[in-house]
Amino acid sequence: MNALVVSPIAIPLLTAFLCMMAWRSVALQRALSIAGALALFACSVLLFVRVLDVGVLAADIGGWRAPFGITMVADTLSALMVLLNGVVAVAIVFYSIGAIGPRREKHAYHTLVHCLLASVSGSFLSGDIFNIYVWFEVMLMSSFVLLTLGGERGQLEGALKYVTLNLLSSSLFLSAVGLLYGLVGSLNLADIAIKLGSAGDEARPVIAAIAVLFMASFGIKAAIFPFFFWLPASYHTPAPVISALFGGILTKVGVYAMMRVYTLIFAPVFPAAGEILLWIAAFTMVTGVLGAAAQYEIRRILSFHIVSQIGYMIMGLAIALLVLERMDGAPIEDRPAMLATAAMALGGVAFFILHNILAKTNLFFVAGVVHRLRGTGELKELGGLYKERPYLSLMFMVSAMALAGIPILTGFWGKLILVVAGVRAGEYWIVGVSLGVGVLTLFSMTKIWAEAFWKARPEEAEGTEPKPDDTRGTGWMNAVVAGFVVLIIGVSVLAGPIYRVTERAGHELIERAPYIRAVLDEEYLRSLPGGIGERWIEPRAETAAAGEGR
Amino acid sequence: MMLSLAILALLSVAAPWVCRYAGPARGVVLAAFPLGIGAWFASKIPAAADGEGIVESVAWLPELGLELSFRLDGLSLLFALMVTLIGAGVLLYAGAYMKGHHQIGRFFCYLIGFMTSMLGLVLADNLILLFIFWELTSITSYLLIGFNHDKKESRAGALQALMVTGLGGLAMLAGLVVLAFAAGDLAGVAGGVWNMSELPEGLSGHAHYPWIVALVLAGCLTKSAQFPFHFWLPSAMAAPSPVSAYLHSSTMVKAGVYLIARLHPNLATGTAEGLWEGLLIGFGATTMFVGAYLATRQTLYKRLLAYSTVSSLGVMVMLIGMGHPDAAAAYILAHAMFKGCLFLVAGIVDHEAGEKDVAEIGRLFRAMPATALAAVLAGISMAGVPLAPLAGFVAKEKMIKAGLDAGPLTALLTALIIAAGSFTVFIAIMTGFKPFFGKASREPKKHAHEAPWPMLAAPVILAVLGIVYALVPALFATPVVTAAGEAIKGGPFEAALRLDAFYYYEISLALGLSLLATLIGVGIYFGRGLWVKATSPFAKLDGVVGPAKMYDYAMLGLTKGSWAQTRVLQNGSLQVYIKMTLVAILGMFAWAIWRTGFLPSVGTNFERTGLLEWVLIISIAVSAIVATRLGSRLATVAVLGVIGYAVAVVFALYGGPDAAMTQFAVETLIVVIFVLVVYHLPRFAVYSGLAVRVMDLLLAATFGGVMACLVLAAGSQELFAPISAYFNEAAMPETPDGQSAYGRNLVNIILVDFRSVDTLGELVVLGIAAIGVYTLMKLRDDQEGTPVAEREGDEDQSEEGDA
């Protein structure tokens, strides 16, 4: 068993437990929390480097060989996602020092955060569909409690919608898992992929229906159209740092899960999914960004933008699926180019997620600083920040421009990759939609900029003396914000090498073989009825190397 | 070239510190850099005139076609010289103009940042790289227009410019990507051709050609403020004067013209009827006329100049479209001189006399003679006064000659050129003559005095250069214009260019028309009161359906529409959210079935269903229906309990005694707890009307039915035997792999060994739930030192123990 693969789950769980043990001492909890986050980050870096080095890693929990036990799998995509989780973890714990306040810290804040981090890692790493469901439950429960932490009326109202719609997602997920198990009798993703791939035509409608159930369930998690209602209803209500944590990472778990099951399992048996996903992507982008245009509170604007940005990710996935669908009938000589296009689209999604986690989390961080300084996020009550706080303005500007896709920042690369992939795939209209949405995103960002930063303080206009800014804890908060800006700029400059990594992730998703080989051993593949496992067995020469990874 | 960009980028970052430590010398210090770079570019004029290009390239993101590739040819050189040399003059000017402003550091940071982007734009050879710089100029322009950020019109103007050029820019990005792949098709490169110097012949024959032209032009025409997108340029005049002179007259607004010129050899069809040429002539000529006309109705100094700039940009686009690259290049250079000069003069008048309205002021000649001299020279040049040996005259002669040589369009284009020319003469008088020699209706607001030398340097030099241009063209004008013109044309000219003013001193139709335009312009000046009155109906029309109004409507529509959409989608009602979710899922099912072509076969084999099962099924169904009809919560909970028990019996019947026992226990507990809690709650209230409830019933029944059918359909096909057979073997000591779970209770072993991670996760869920309950109860009161319930800690411990 490969301990490194499990560490991103085990470390936060252990940290959560230790924080619980240190219930009486906020200082100790804080120290534990920081240490835990740093350890999570370190392990996620090690895991990422190792995956880049040797390829897909798998760990059979309890030593029960796949597909019988539960297997944790780290391929390039999941390792990247776990790495991002680690980055956000470190940022959150340091930001929390300044932002969260002992009131919440005394009430298991750190425990909950680490449970959430564990569940996110678990969802990324798990290679077992039911186990993913379990991590989703952990995620739902810990995020629900974090949402309500503080017990304000608005929080409870938002949390109720959050939990109800997400429970609906859970029950759809569970139904889909049950139906899938009924069909193929397995829960292991790689095993399901092989077995479902051999299904005859008469099973196709049922498979399609199951795929739709997954689409809806993960779609609710990812906040796509028309399932996103819970997100704008709740994300602006909790403490700003919690908004940042959620806004940065939670919806991406849904997107990740969708990418995983659709590329690994459903792409060959339900290729038409790309068509509906393309429409969903368009509506998600447009309704989200229009929702943002109608808002006048910073975190509400940002929340709707999460939805809109998810649309870009779904767009990439849809393009990849459409290309894969067309490949069946395409002439052999065109196929390498089509494969490259699909890999580019999926690599674009991975890059976009990376970009979005950095930019969006940081915008929520900035919103948190503004909220601390002025006690509000309402644009009409804000103003004068550009004059009084030039560095904060710069930080916001960089993050907002990154989100709006202004060159050379991260969002531009993410968008560019998707646009190029879209044009290569011949999906022109969605490219047009995505570009138009980019302008509207810019519109919303300039709205925040013009109102909160450029405009003079409303108190000045009224001639009253403005309240002095509350700067408690903003040192830590600003340090984290600055760190993220450095990261954003770093990723922007290193877009080339990073894109090569995400493109590799895309190739892995499309080829599927590296994943399946890492999870299932040769003996099992040979034992499958009808010889359906044969094509996944690695050619002789390389078996030794792959065996090492297990 | 890359070095020059790097130097400017660093200078931009360092500008705030330079401003802080260099004090009054900041303008000189900052201007020295672009001046030096400009000198370097000037030294390349001979090479460019010989048609040599300088190329520098570094790979950046080759997968996306992006290279840091730069190329200096005649066209780039013309623009690079304008960017750096006018830039140096503007920096010098701004050093004095912005004196004492508390955000002066930021100002120079943005201004030099813009200079870097603009220089990059005109040097870039790669399409994506060009777009990157293109967007950066938009953003720096946004920051500079909104520089006086506490003024509302500054913010609005900045946003307007950003939206219009941003929208065009993104269309252009799409166009450039399509262009690259179309070029790749023609050149046989699957990854697309991304360097402009490598674009193949014959693009106009490609199937995507119309799209490429439309999308690329969308970017160029918005950026270069062509009608009907021109309105952002006058609004951008909220920026400080150096910005207006530099960005919104000399450089940024010409970016669109630049790209049109750059792609002209590749996208032109070679005939005036071609799509490319037709659009350029159409937009250019309209803009030339409309811009000049609109300018005649303005009285604010900078707005007059802004509209006349719109007109000039139209001229440039039109000339390129008409296939007169020499005239276009000559005009671009001349325009940069006279218009840049006049904008700077406008800034001086504002700064030193406190006046913005040319209708009010006059006789400033005595107070500011040097300024007046520059203004008059620039004004004469702009008017293109016949026989005056200035750059504007030469350019105008070439323009009229081009108009007279336009084939079937000759009459129309010549008429438009003469009309626009007359308006331009009027504007030139209003901006170059009236403030200094005209009648003043009142004293200036400030005590007018001459500007300090740094502010005078650039306008005076620009004005004088206008004379040099026309008298000694060989010094710089001819080589630069020739090189640029040949780059636009895509090949050498047949005959040498003549830019000396005397060459045009011959009695000709063009000269006569030019004279006519001048006379009309002077006429309008003297009858300007009448003119304003005569044209006011059109102005009213423009105020109702004009492009600027359309922009306002669009913005209003965006706000209102998005608000309405959000009201519908995000209406705050959880019931509606759930219904929408279910309807959407049903829709997706329907689509999936339609798409896969046939309905799933639902298994209808109920033979094995015995009496007990039927009893259970019926009791579950009946309880479910009853539960929805009861008015009391208590009774509802009890009925739901019946469903739970029935399910537990199902578990027991199908070989899951553990599961059944758990389910019994849980159901009992739930009912007991619910009864305790629910006792305190009010009875159900009915909020929905009958229609809504019927719809809900239908939706619920449909969704339930679909799910039931799905279960039956899936149940009728088992593709593979479940893997659980392995568990039976593996649990016992004698296992296939020699591994064993050492247990006989299979469910237990699955829970704690085979799938222990699931159990761990579920235990964590329970622990968190407990914490949640605790915090919900305690955190609201927020009593300090609340005793900790030991229970939570224990529970958490047990959950971790399983790990």
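Scoring rules and cut-offs
- Residues numbered from 1 in each chain as written.
- Chains lettered and ligands numbered in written order.
- Predicted model: local features only at pLDDT ≥ 70, side-chain atom pairs only at ≥ 80, totals over all residues.
- Heavy atoms only, no water.
- Helix = DSSP H or I, 4+ residues; strand = E, 2+ residues; numbered from the N terminus.
- Rg over C-alpha atoms; globule rule 2.2 N^0.38 Å.
- Buried < 20%, exposed > 50% of the residue type's maximum accessible area, 1.4 Å probe, protein only.
- Areas by Shrake-Rupley, 256 points an atom, 1.4 Å probe, with all protein chains shown as cover.
- Lys, Arg positive; Asp, Glu negative; His and termini not counted.
- Charge placed at Lys NZ, Arg CZ, Asp CG, Glu CD.
- Contact = heavy atoms within 4.5 Å.
- Axes fitted to C-alpha atoms, helices over the stretch in contact; angles between N-to-C directions.
- Parallel < 35°, antiparallel > 145°, perpendicular 65-115°, else oblique.
- Left-handed = near helix turned anticlockwise from the far one by under 90°.
- Nonpolar A, V, L, I, M, F, W, Y, C, P; charged D, E, K, R; others polar.
- Pairing = 2+ DSSP bridges.
- Domains from an automatic or database assignment.
- Phe/Tyr/Trp six-rings, centres within 6.5 Å; stacked < 30°, edge-to-face > 60°.
- Lys NZ or Arg CZ within 6 Å of the ring centre and 35° of its normal.
- Patch = residues over 30% accessible without salt bridge, like charges linked within 9 Å, V, L, I, M, F, W, Y side chains within 5 Å.
- Salt bridge = Lys/Arg side-chain N within 4 Å of Asp/Glu carboxyl O.
- Expected span 1.5 Å × (residues − 1).
- Buried area = accessible area lost by both parts, 1.4 Å probe.
- Polar contact = N/O pair within 3.5 Å; in protein donor to acceptor, adjacent residues only side chain to side chain.
- pLDDT = per-residue confidence, 0-100.

Visitor: What's the story with the overall build of chain A in this structure? I'm lost.
Guide: When helices and strands are counted, chain A shows 24 helices and two strands. On C-alpha atoms alone, chain A measures out to a radius of gyration of 23 Å, which is about the 24 Å that the 2.2 N^0.38 rule sets for 550 residues. Dimensions of chain A along its principal axes, counting C-alpha atoms only, are 80 × 55 × 40 Å. Among the 550 residues that make up chain A, the fraction classed as buried is 73%. Summed over all atoms, the accessible surface of chain A reaches about 14,600 Å², with 63% contributed by carbon and sulfur. Both charge centroids of chain A, one from 39 positive and one from 38 negative side chains, sit 7 Å from each other.

Visitor: Help me understand the overall build of chain B in this model?
Guide: Scanning chain B from N- to C-terminus turns up 31 helices and two strands. A compact globule built from 803 residues should have a C-alpha radius of gyration of about 28 Å, whereas chain B, at 38 Å, is more than 25% larger. Counting only C-alpha atoms and orienting by the principal axes, one finds that chain B spans roughly 115 × 65 × 55 Å. Counting across all 803 residues of chain B, residues that qualify as buried make up 54%. When contacts within chain B are restricted to residue pairs at least 6 apart in sequence, those whose partners lie at least 24 apart make up 75%.

Visitor: What am I meant to see in the packing of helix α12 (residues 275-296) of chain B against helix α17 (residues 410-437) of chain B here?
Guide: For any two helices packed against each other, one specifies the crossing angle of their axes together with the interaxial distance. Residues and elements named next belong to chain B. Between α12 and α17, whose axes approach to 8 Å, the crossing angle comes to 30°. In terms of orientation, α12 lies roughly parallel with respect to α17. For the pair α12 and α17, the sense of crossing is left-handed. Each of Ile281, Ala285, Met288, Phe289, Ala292, Tyr293, Ala295 and Thr296 in α12 lies in contact with α17, whose residues at this interface are Leu413, Leu416, Ile417, Ala419, Ala420, Phe423, Thr424, Phe426 and Ile427. Here the contact of α12 with α17 is composed, by residue class, of 15 nonpolar, two polar and no charged.

Visitor: Sorry, what's going on with the pairing of strand β1 (residues 57-60) of chain A here?
Guide: For a regular strand, side-chain orientation follows a simple rule: the groups alternate between the two sheet faces. All names here are of chain A. Residues Leu57 and Ala59 of β1 are buried on one face, and the alternating residues Ala58 and Asp60, pointing to the opposite face, are buried as well. Of the pairings in the sheet, the one linking β1 to strand β2 (residues 71-74) comprises four bridges and is antiparallel in character. The residue bridging Asp60 from the neighbouring strand is Thr71, located in β2.

Visitor: What exactly am I supposed to notice about the domain arrangement of chain B here?
Guide: Size of an interface, as often reported, equals the accessible area lost when the parts are brought together. Along its sequence, chain B is carved into domain 1 (324-407 + 419-526), domain 2 (537-569), domain 3 (607-682) and domain 4 (755-803). Here the C-alpha centre of domain 3 of chain B lies 91 Å away from the C-alpha centre of domain 1 of chain B.

Visitor: Quick question: what am I supposed to make of the packing of aromatic side chains here?
Guide: In this description, an aromatic ring pair is defined by two values, namely the gap between the centres and the angle between the planes. Applying the stated rule across the entire model yields 57 aromatic pairs over all chains. When the ring of Phe173 of chain A is compared with that of Phe214 of chain A, the centres are 5.8 Å apart and the planes differ by 70°; the resulting orientation is edge-to-face. Of this pair, Phe173 of chain A sits in helix α7 (residues 153-184) while Phe214 of chain A is found in helix α9 (residues 204-222), placing the two residues 41 residues apart along the sequence. Taking relative accessible area as the criterion, Phe214 of chain A reaches 0% and is therefore assigned buried. Ring geometry for Trp413 of chain A versus Trp60 of chain B: centroids 5.2 Å apart, planes at 80°, classification edge-to-face. One end of the pair, Trp413 of chain A, is in helix α17 (residues 410-425); the other, Trp60 of chain B, is in strand β1 (residues 54-61), on a second chain. For the pair shown, Trp413 of chain A and Trp60 of chain B are each scored as buried. Following the ring pairs from residue to residue traces out a cluster consisting of Phe130, Tyr133, Phe136, Phe173, Phe214, Phe218, Tyr262 and Phe266 of chain A. The lysine or arginine in question, Arg535 of chain A, covers the ring of Trp536 of chain A, its NZ or CZ lying 4.2 Å from the ring centre.

Visitor: Before we go on, may I ask you to explain a nonpolar patch on the surface in this structure?
Guide: Residue and element names in this part refer to chain B. On the surface, a nonpolar cluster with roughly 550 Å² of combined accessible area is contributed by Leu387, Leu471, Val472, Leu475, Phe502 and Tyr505. The residue Phe502 is located in the loop between α19 (477-489) and α20 (509-526) in this model. Assessed through its relative accessible area of 46%, Phe502 is described here as partly exposed.

Visitor: Before we go on, may I ask you to explain helix α8 (residues 209-223) of chain B in this structure?
Guide: Residues separated by three or four positions in an α-helix point in the same direction, a consequence of the helix having 3.6 residues per turn. Residues and elements named next belong to chain B. Helix length check: α8, at 15 residues, gives a terminal C-alpha distance of 21 Å against a target of 21 Å (1.5 Å per residue), a fit within 8%. The complete set of buried residues in α8 reads Tyr209, Ile212, Val213, Leu215, Val216, Leu217, Gly219, Cys220, Leu221, Thr222 and Lys223. Each element contacted by the buried residues of α8 is listed here: α6 (127-145), α7 (152-187), α9 (232-235), α11 (255-267) and α12. One or two positions beyond α8, positive phi appears at Ala225, with a value near 50°.

Visitor: Teacher, can you tell me more about the pattern of salt bridges here?
Guide: Here the idea is simple: oppositely charged side chains can pair when their charged atoms come close. Residues and elements named next belong to chain A. Throughout the structure, instances matching the rule amount to 27 salt bridges over all chains. Two residues, Asp469 and Arg374, come together in a salt bridge whose shortest N-O distance is 2.8 Å. Here Arg374 lies in helix α14 (residues 335-374) and Asp469 lies in the loop between α19 (458-462) and α20 (474-493), a separation of 95 residues in the sequence. This pair shows no difference in class: Asp469 is buried, exactly as Arg374 is. Arg526 is paired through a salt bridge with Glu522; the nearest N and O atoms lie 2.6 Å apart. With Arg526 and Glu522 both in helix α23 (residues 522-527) and four residues apart, this pair spans about one turn of that helix. For Arg526, a relative accessible area of 42% translates into the label partly exposed. Glu522 gets classed as partly exposed once you look at its relative accessible area, which sits at 22%.

Visitor: It is not clear to me how the side chain of Lys254 of chain B should be interpreted in this structure. Could you clarify?
Guide: Residue and element names in this part refer to chain B. With respect to the helices and strands, Lys254 occurs in the loop between α10 (241-250) and α11. Summary of buried charges: Lys254 has no salt-bridge partner, and the nearest side chain of opposite charge, Asp73, is 16 Å away. Setting aside residues up to four positions removed in sequence, Lys254 forms contacts with Phe79, Met82, Ser224, Ser249, Leu313, Met316, Ile332, His335 and Ala336.

Visitor: Would you explain the interface of chain B and chain A in this entry?
Guide: Chain B puts 114 residues into the contact, and the matching count from chain A is 135 residues. Carbon and sulfur atoms supply 76% of the area buried between chain B and chain A, which totals about 10,800 Å² over both sides. In this structure, the connection of chain B to chain A is made through three salt bridges. In this structure, Arg595 of chain B engages Glu325 of chain A in a salt bridge whose closest nitrogen and oxygen atoms are separated by 3.3 Å. Across the contact surface, chain B and chain A share 16 residue pairs in polar contact (both at pLDDT 80 or more). Broken down by element, the residue count for the side of chain B that touches chain A peaks at 16 residues, all from helix α30 (residues 756-778) of chain B. Of the residues belonging to the side of chain B that touches chain A, the class tally is 70 nonpolar, 24 polar and 20 charged.

Visitor: What am I meant to see in the side chain of Asp125 of chain B here?
Guide: All names here are of chain B. Structurally, Asp125 is set in the loop between α5 (104-123) and α6. Despite its burial, Asp125 pairs with no opposite charge; the closest candidate is Arg71, at 4.8 Å N-O. In this structure Asp125 touches Ser69, Phe70, Arg71, Trp194, Asn195, Met196 and Ser197, once residues within four positions along its chain are discounted.

Visitor: Got a minute to help me understand the packing of helix α6 (residues 129-148) of chain A against helix α11 (residues 240-266) of chain A in this structure?
Guide: Residues and elements named next belong to chain A. Two elements in contact, α6 and α11, have axes separated by 12 Å at closest approach and are oriented at 165°. If you check the angle between α6 and α11, you find them roughly antiparallel. Where α6 crosses over α11, the handedness of that crossing is left-handed. Residue-level contacts link Ile129, Phe136, Met139, Ser143, Leu146 and Leu147 of α6 to Ile242, Leu245, Phe246, Leu250, Val253, Ala257 and Val261 of α11. In the contact of α6 with α11, the residues fall into twelve nonpolar, one polar and no charged.

Visitor: Just checking my understanding: could you explain unusual backbone geometry for this structure?
Guide: Excluding glycine, most residues fall at negative phi; most peptide bonds, likewise, are trans. The omega torsion across Pro407 of chain A and Ile408 of chain A is -5°, close enough to zero to call that bond cis. Positionally, Ile408 of chain A belongs in the loop between α16 (390-404) and α17. With an omega dihedral of 5°, the bond running from Phe227 of chain B to Pro228 of chain B counts as a cis peptide bond. Along the chain, the position of Pro228 of chain B falls in the loop between α8 and α9.

Visitor: Teacher, can you tell me more about α7 of chain A here?
Guide: In this model, α7 of chain A (32 residues) spans 46 Å end to end at C-alpha, consistent with the 46 Å of a helix rising 1.5 Å per residue. Positive backbone phi, at 65°, marks Gly185 of chain A, one or two positions downstream of α7 of chain A.

Visitor: Got a minute to help me understand the confidence of the model for chain A in this structure?
Guide: Low pLDDT means the predicted atomic positions in that stretch should not be read closely. When the pLDDT values of chain A are averaged, the result is 90; 98% of them are 70 or greater. Under a pLDDT of 50 for its full length, residues 542-550 of chain A has, in the predicted model, twelve contacts with residues more than four places off or in other chains.

Visitor: Help me understand the confidence of the model for chain B, please; the structure alone is not making it clear to me.
Guide: Residue and element names in this part refer to chain B. Considering every residue of chain B, the mean pLDDT works out to 85; 95% of them sit at 70 or more. Considering only residues more than four positions removed or in separate chains, one finds that residues 781-803, a stretch of pLDDT under 50, has 29 contacts. Across the interface, the model reports ipTM at 0.91; the global pTM reads 0.92.

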